[in-house]
Amino acid sequence: MHEVIIALGTNTDHKPNMDKAVCMLGDIITGMRQSRRLWTTPIDMTCDMFMNMIVSGSCALELEDLYSAIKNIEKKCGRNHDDKKKHIVKIDIDILKYDKRKEHPADWEREYIKTLIKEI
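What counts as what
- Residues numbered from 1 in each chain as written.
- Predicted model: local features only at pLDDT ≥ 70, side-chain atom pairs only at ≥ 80, totals over all residues.
- Heavy atoms only, no water.
- Buried < 20%, exposed > 50% of the residue type's maximum accessible area, 1.4 Å probe, protein only.
- Helix = DSSP H or I, 4+ residues; strand = E, 2+ residues; numbered from the N terminus.
- Pairing = 2+ DSSP bridges.
- Polar contact = N/O pair within 3.5 Å; in protein donor to acceptor, adjacent residues only side chain to side chain.
- Core = buried A, V, L, I, M, F, W, Y, C linked by side-chain atoms within 4.5 Å.
- Contact = heavy atoms within 4.5 Å.
- Expected span 1.5 Å × (residues − 1).
- Arc of directions from axis to C-beta.

Student: Would you mind going over the pairing of strand S5 (residues 92-98) with me for this structure?
Tutor: A regular strand places its side chains so that they alternate between the two faces of the sheet. Judged by how many residues are buried, S5 sits mostly within the fold: five of seven residues are covered. As defined by bridge partners, strand S1 (residues 2-10) adjoins S5 across six bridges and the pair is classed as antiparallel. What sits directly across from Ala-7, in S5, is Asp-94. Here S5 pairs with strand S6 (residues 101-102) via two bridges, running antiparallel. When the bridges of S6 are listed, Tyr-98 appears paired with Arg-101.

Student: Help me out: how do you make sense of the side chain of Asn-11 in this one?
Tutor: Note on placement: Asn-11 falls in the loop between S1 and helix H1 (14-25). At a separation of 2.6 Å, a polar atom in the side chain of Asn-11 contacts the main-chain amide nitrogen of Val-89.

Student: Before we go on, may I ask you to explain the nonpolar core in this structure?
Tutor: Looking at soluble globular proteins, one finds that nonpolar side chains tend to be buried together. Grouped together as the largest cluster of nonpolar side chains are 22 residues, with contacts concentrated most on Ile-6, Leu-8, Leu-25 and Ile-93. Listing elements by their share of this core, those giving two or more residues are S1, H1, strand S4 (50-59), helix H2 (63-76) and S5. The residues contacting Leu-8, other than those within four sequence positions of it, are Met-18, Ala-21, Val-22, Leu-25, Met-51, Asn-52, Met-53, Val-55, Ile-91, Asp-92 and Ile-93. Counting nine residues, the second largest nonpolar core, distinct from the first, contains Ala-7, Ile-54, Leu-96 and Ile-113.

Student: When you look at H2 in this model, what are you seeing that I'm missing?
Tutor: An α-helical turn contains 3.6 residues, so any two residues separated by three or four positions project in the same direction. Helix length check: H2 (14 residues) gives 20 Å between terminal C-alpha atoms against 20 Å at 1.5 Å per residue, within 8%. Among the residues of H2, Leu-63, Leu-66, Ala-69, Ile-70, Ile-73 and Glu-74 are the ones counted as buried. Projection of H2 onto a plane perpendicular to its axis shows the buried side chains occupying an angular sector of 140°, all on one side. Looking at H2, the residues exposed on the side facing more than 90 degrees away from the buried face are Glu-64, Lys-75 and Lys-76. Looking at the packing, one finds that the buried side of H2 touches S1, H1, S4, S5 and S6.

All quantities given are derived from atomic positions and should not be read as evidence of function.
Below, the structure is given as structure tokens:
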């Protein structure tokens with residue numbers, strides 16, 4: 001089993017999109033812990049507020065398979081290329097940590113990540 005920390009964010013249909021993504025993540029992450037959901041202002045885009053949260057737990061998938069599973073969850077939640085151009089983010093899911101390997105180093109510096117990670 002691999003220890004993972006995953007960040008989620010959405011700027012539209014906040015609660016339903018987040019609920020659906022968390023539910024699907026629960027199928028691949030055991031012992032899942034969740035931070036609270038935190039409203040944040042958009043970074044580098046003009047759009048509605050974001051709802052963000054962090055989940056952590058254990059996962060049997062290898063890193064590449066986890067990335068594929070996450071991309072599949074994003075698609076099932078309605079994420080598509082056309083929306084991205086319009087700054088619509090139905091769901092964005094990023095692996096922050098996989099065992100001892102840290103991913104997305106810039107995200108670790110964001111205040112909301114620092115705040116939420118303490119909650120898991």
